[in-house]
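Commentary on secondary and tertiary structure
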Amino acid sequence: MTAVPLMNIRAQYEALERELLSAAKRVLSSGKYINGEEGRQFEKELAAFTNTRYAVSTANGTDALILALHACGVGRGDEVITSPFTFFASAEAIARVGATPVFADIDDKTFNLDPEKTAEKITVKTKAIIPVHLFGQPAEMDAFLALARKHHLYVIEDACQALGAEYKAQPAGGIADAGCFSFFPTKNLGGFGDGGMVVTNNPEVAEKVRLLALHGSRKKYFHETIGYNSRLDEIQAAVLRIKLKYITEWNNRRREKAAIYSEELQGLDLNLPAELPHVRHVYHLFVLQSKKRQGLGKFLQKKGIATGHYYPRPLHLQTAFASLGYQEGDLPVAEAASQCSLALPLFPELAEADQMKVIQAIREFHSQ
Ligand SMILES: *Cc1c(COP(=O)(O)O)cnc(C)c1O
């Protein structure tokens, strides 16, 4: 048993047990488990939360990206530019629709996709850009939207880590052509299983995602196109509706705890997360950079403090993308970030005393 875990996804269940169980029971006894009222209501609520006109649920965040790309007409022969420093799914979705992922390097302060490096990668084949709001901090959306206008591209936000984040007071996910969310259990809004959502203000994109998600069918047993089977089930929707009521409070607590780390770890030989002044970061993860990442991680582990490594190998160097022909050294900022990243325990329920233990241990490591 680790004394201070990296995250504790059971804590929310314990705090909301009665409410969650009664919602699950309501669904179980309803006899309606797929495509029901809970799912419809949750879509409406998430659209309102992200200030978008449409929300369509999917089976997971990866499918949200795949369906959004497919709905925007991205496919074989197209290129889509994204970050090499993100979870695999951001690029996997691009390859899954038959397009080619193109990786541009990241900004060395926020670790988000760099708009200038992105501009250098645009070709006649480029059809879309997927900025990822990494670790809960929105990417520089104005710059990506300007690139998209100039080159007639779609912009799809990978907001899987950023529900409740804001860019210039606009909700993450609700800014570009489409935004994709994941409700994987460890995400800021996590279900008790998989789940995802596409949000958009574009009625055609919304309709296409809906059609694709339901086997390409509008009318039962009549199929207009080859689609997918990708939906959020009623139990997950019911649970997520309850949790959505608390997400702002939970995100605020994440922000408070992140501010404590940033304050208390100042002056050590570390790079702390840089929060841009015009964004609201929701600290899905609190990731610092240390040249002694491995030593620090081991030191903390000995003291019973868990840490995480997001992400140990940038996507352009993954075996799955070997055929794209990238070499080590091609995207140096992402490569350095992957060597030095260390995530500290951070979740809304993290106890003050536990956080102090983490801070003390990191100070102790640096005083040796
Ligand atoms: C979690 C995540 C996904 C995929 O979501 P799933 O629900 O696990 O399929 C995609 N992109 C990013 C950045 C993520 O963190």
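Parameters and conventions
Numbers given to residues run from 1 along each chain, matching the order in which its sequence is written. A pLDDT threshold of at least 70 governs which residues receive local features in this predicted model, and a stricter bar of 80 or more applies before side-chain atom pairs are shown or counted, although totals over entire chains, interfaces and linings include all residues. Hydrogens and water molecules were not included; the side-chain quantities draw on all heavy atoms of the structure. UniProt positions are given in the numbering used here, feature names are shortened, and annotations may be inferred rather than shown by experiment. One heavy atom suffices: a residue is near a molecule or strand as soon as one of its heavy atoms comes within 4 Å of it. Two N or O atoms count as a polar contact when they lie within 3.5 Å, although within protein this holds only if one can serve as hydrogen donor and the other as acceptor, and sequence-adjacent residues are included solely when both atoms are side-chain atoms. By the criteria applied, helices consist of DSSP H or I runs no shorter than four residues and strands consist of E runs no shorter than two, each listed in order from the N terminus. Asp, Glu, Lys and Arg are counted as charged, while Ala, Val, Leu, Ile, Met, Phe, Trp, Tyr, Cys and Pro are counted as nonpolar; the rest, among them Gly, fall into the polar class. Note that the domain bounds were set by an automatic or database domain assignment. Here, residues are in contact when the closest pair of their heavy atoms is within 4.5 Å. Buried area: the sum, over both parts, of the accessible surface (1.4 Å probe) that disappears when the two are put together. Salt bridge criterion: a side-chain nitrogen from Lys or Arg within 4 Å of a carboxyl oxygen from Asp or Glu.

The name an unreviewed UniProt entry gives the chain is dTDP-4-amino-4,6-dideoxygalactose transaminase, with Evansella caseinilytica as the organism. What UniProt records for the chain under Sequence similarities (unreviewed entry) is the sentence "Belongs to the DegT/DnrJ/EryC1 family."

A separate point is the site of the ligand. The full set close to the ligand counts 14 residues, and G61, T62, D158, S182 and K187 are the nearest of them. Contacts to the ligand include D158, whose side-chain N or O atom sits 2.8 Å from a nitrogen atom. S182 is positioned with one of its side-chain polar atoms (N or O) 2.6 Å from an oxygen atom of the ligand. When contributions to the shell around the ligand are tallied by element, the ones reaching two or more residues are α4 (61-71) and α5 (89-96). Here the shell around the ligand is composed, by residue class, of 4 nonpolar, 8 polar and 2 charged.

Our next topic: the domain arrangement of the chain. Domain parsing of the chain yields domain 1 (9-244) and domain 2 (247-367). Taking only C-alpha atoms into account, the centre of domain 1 sits 24 Å from that of domain 2. With 47 residues of domain 1 at the interface, the matching set in domain 2 holds 36 residues. Note on domain 1 versus domain 2: buried area summed over both sides is about 3400 Å², and carbon and sulfur give 67% of it. The interface formed by domain 1 and domain 2 contains 0 salt bridges. Between the two partners, domain 1 and domain 2, sit 20 residue pairs in polar contact (both at pLDDT 80 or more).

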